[in-house]
Amino acid sequence: MINDYGIHMQIYKALRARFGHRRWWPAETPFEVLTGAVLTQNTSWNNVETAISGLRRAGCMTPAAMAAMPQGEFQELIRPAGYYRQKAARLKRIAGWVEAKCGDDVDMCALAAVDTGVLREDLLGLKGIGPETADSILLYALKRPVFVVDAYTARVLGRHGLISPQSGYHEIQAECEANLPHDVDIFSDYHAQLVELGKRYCKRTEPRCNDCPLQPVLGTAEID
Ligand code: SF4
C-alpha cells in the first residue's frame, strides 16, 4: 500500500532532479494528443511521430477529416505506428465520437463542460480504448487530474513494495491519486518521469540500481 503522501513527492523530486521536467505531451493540439494516445499503443514514440507527421501532411489531423478519410488510405498513413488496421479502426471510431461531441474542433472545447467520470465511461465504451489510453486522453488532452498507470509504474512501485503484487490498474491508480496532490502538471510529469526511469534504469531485466536516482530515496529493491 502507498500510505505516505511524502514518499511520492520524494520520488517525483528525485526523478525530476535527474531528468528535468519531461514536458509531456508533445503535440500541436488536444486532438493530436488523443491521436497519439491511440497510436502509441504497443509501439515506440518515434514510430508515432512518423505517423503523426504523415497525418499532418495529409491534412488528416482534425476529427472530421479523420472520420471521413477512406479506411485504406488512412491505414497507409498510420502504417508506421504498427497494428495499423486495428489502430485505424480505433482512431476513426474515436474521431467520430469527437466530431459528434465537438464538431471539427481540434481543441475539443465542448468537452470542457463534461464530467470526468462521464468522459471516461464514454471513452472506455469505444472498442479498443482501455484504461491507460482513456486516462492518457483525459490527463494529457483534456487536462483532467487523472493518474495514468502503465507497466513502468507497476514495476517501479512494485519492486519497492509500495503496491501489492496483486494490485491491478485501478488499485494502483487509486493509491497514487490518494497520495499525490491533484495537480494536472504533477500527475502529467510524474507519469512521464516513471516512464523515463523505466526505460533508462528500472529495466525489466538487469535494472541499473546502483546509478538509479531512486536508490537514495527508496534503498535496495526486491527484484524478482
Ligand atoms: S533502485 Fe533499482 S529497482 Fe528501484 S527504481 Fe531504481 S532501478 Fe528500479
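Cut-offs applied
- Residues numbered from 1 in each chain as written.
- Predicted model: local features only at pLDDT ≥ 70, side-chain atom pairs only at ≥ 80, totals over all residues.
- Heavy atoms only, no water.
- Near = heavy atom within 4 Å.
- Nonpolar A, V, L, I, M, F, W, Y, C, P; charged D, E, K, R; others polar.
- Helix = DSSP H or I, 4+ residues; strand = E, 2+ residues; numbered from the N terminus.
- Buried < 20%, exposed > 50% of the residue type's maximum accessible area, 1.4 Å probe, protein only.
- Contact = heavy atoms within 4.5 Å.
- Polar contact = N/O pair within 3.5 Å; in protein donor to acceptor, adjacent residues only side chain to side chain.
- Domains from an automatic or database assignment.
- Buried area = accessible area lost by both parts, 1.4 Å probe.
- Salt bridge = Lys/Arg side-chain N within 4 Å of Asp/Glu carboxyl O.
- Axes fitted to C-alpha atoms, helices over the stretch in contact; angles between N-to-C directions.
- Parallel < 35°, antiparallel > 145°, perpendicular 65-115°, else oblique.

(A) Just the site of the ligand, in detail. Neighbouring the ligand are the residues Arg159, His160, Leu197, Tyr201, Cys202, Pro207, Cys209, Cys212, Ala221 and Ile223. By residue class, the composition of the shell around the ligand is eight nonpolar, one polar and one charged.

(B) Summary view of the side chain of Thr153. Structurally, Thr153 is set in helix α9 (residues 151–159). Classification of Thr153 by relative accessible area gives buried; the value is 0%. Not counting residues within four places of it along the chain, the set of residues in contact with Thr153 comprises Phe147, Val148, Gly158, Ile172, His191 and Leu194.

(C) Representation of α9 in the model. Residues of α9 that are buried include every one of Thr153, Arg155, Val156, Leu157 and Arg159, and no others. In this structure Asp150 caps α9, since a side-chain oxygen of it lies 3.1 Å from the backbone nitrogen of Tyr152. Gly161 sits one or two residues past α9 and shows a positive phi near 70°.

(D) Here's a closer look at the domain arrangement of the chain. Domains assigned within the chain are domain 1 (5–23 + 148–217) and domain 2 (30–141). Taken residue by residue, the interface counts eleven residues in domain 1 and seven residues in domain 2. For the domain 1 and domain 2 pair, buried surface summed over both sides reaches about 730 Å², with 62% attributable to carbon and sulfur atoms. It is Val148, Tyr169 and Ser188 in domain 1 that bury the most area against domain 2; as a group they hold 52% of the surface buried on that side. There are zero salt bridges connecting domain 1 and domain 2.

(E) Local environment of the packing of α9 against helix α11 (residues 184–200). Relative orientation of the contacting elements α9 and α11 amounts to 75°, with a least axis distance of 9 Å. It follows from the interaxial angle that α9 and α11 lie roughly perpendicular. For the pair α9 and α11, the contacting residues are Tyr152, Thr153, Arg155, Val156 and Leu157 in the first and Tyr190, His191, Leu194, Val195, Leu197, Gly198 and Lys199 in the second. Per-class residue counts for the contact of α9 with α11 are seven nonpolar, three polar and two charged.

(F) Up close: unusual backbone geometry. Going from Trp24 to Trp25, the amide bond is cis rather than trans, its omega being 15°. Residue position: Trp25 is located in the loop between α1 (5–19) and α2 (30–39). The phi torsion at Tyr83 lies on the positive side, around 45°, for a residue other than glycine. As for its placement among the helices and strands, Tyr83 is situated in the loop between α5 (71–78) and α6 (84–102). The phi torsion at Met108 lies on the positive side, around 50°, for a residue other than glycine. Examined against the element boundaries, Met108 turns out to sit in the loop between α6 and α7 (116–124).

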